[in-house]
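Below are the chains, spelled out letter by letter.
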Amino acid sequence: QVQLVESGGDLVQPGGSLRLFCAASGIIFSINTMGWYRQAPGKQRELVAVVTSGGPPNYVDSVNGRFTISRDNAKNTVHLQMNSLRTEDTAVYYCTADVKLRPGTTPVRYWGQGTPVTVSS
């Protein structure tokens, strides 16, 4: 069984910073894509940032220049550094990993439990 463990969510003032962490564990052959989604109350879930094992990261326009996603392929971890936070960044943030359980198979999407981020004065 694959598990995603998240941490780093907190209450922070506007303009502040947070660093989210996620680690995938279990019997894993490989992980294709890792990323972060977020969902604000009453809103649809939104892709925030994503990165493949060997490619450049991609960001939603609203966080471009403020957020940075980074990945350690050897450790199966991913971080999201969030700077210059705004009130509209308030949401539950979810880590994702597209995991191949064995060679030649279609990746399976796994989700973390979510870590809440609240930006408020």
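Basis of the calculations
- In every chain, residue numbers begin from 1 and rise along the written sequence.
- Confidence filtering applies because this is a predicted model: local features only for residues at pLDDT of at least 70, side-chain atom pairs given and counted only at 80 or more, and all residues used for totals across whole chains, interfaces and linings.
- The side-chain figures draw on all heavy atoms in the structure; neither hydrogens nor water molecules are used.
- Side-chain atoms within 4.5 Å are what join buried Ala, Val, Leu, Ile, Met, Phe, Trp, Tyr and Cys residues into a set we call a nonpolar core.
- Here the term buried applies to any residue with accessible area under 20% of the maximum for its type, exposed to any over 50%, and partly exposed to those in between, with areas from a 1.4 Å probe on protein chains only.
- Only DSSP runs of H or I with at least four residues qualify as helices, and only runs of E with at least two residues qualify as strands; both kinds are numbered from the N terminus onward.
- Working definition: rings of Phe, Tyr and Trp (its six-membered ring) pair if their centres are within 6.5 Å, and the pair is stacked with planes under 30 degrees apart, edge-to-face with planes over 60 apart, and tilted otherwise.

(A) Seen up close, the nonpolar core. Membership of the largest hydrophobic core comes to 28 residues, with the highest contact counts inside it found for Trp36, Val48, Phe67, Leu80, Met82 and Tyr93. Of all the elements in the fold, those that place two or more residues in this core are β3 (18–25), β4 (30–39), β5 (46–52), β7 (67–72), β8 (77–82), β9 (91–100) and β11 (115–119). Take this core: its biggest share by element is five residues, from β9.

(B) Focus on the packing of aromatic side chains. Counting across every chain of the model gives two aromatic pairs. Ring geometry for Tyr37 versus Trp111: centroids 5.0 Å apart, planes at 50 degrees, classification tilted. Remark: Trp111 occurs in strand β10 (residues 108–111) and Tyr37 occurs in strand β4; sequence separation between them is 74 residues. Residue class for Tyr37 comes out buried when judged on its relative accessible area of 18%. Under the relative-accessibility criterion, Trp111 is labelled partly exposed at 30%. Taking the centre distance of 6.3 Å and the plane angle of 75 degrees together, the rings of Tyr94 and Trp111 count as edge-to-face. With Tyr94 in strand β9 and Trp111 in strand β10, the pair connects residues that are 17 residues apart, well separated along the chain.

Everything listed here is a matter of coordinates, which is why it stays silent on function.
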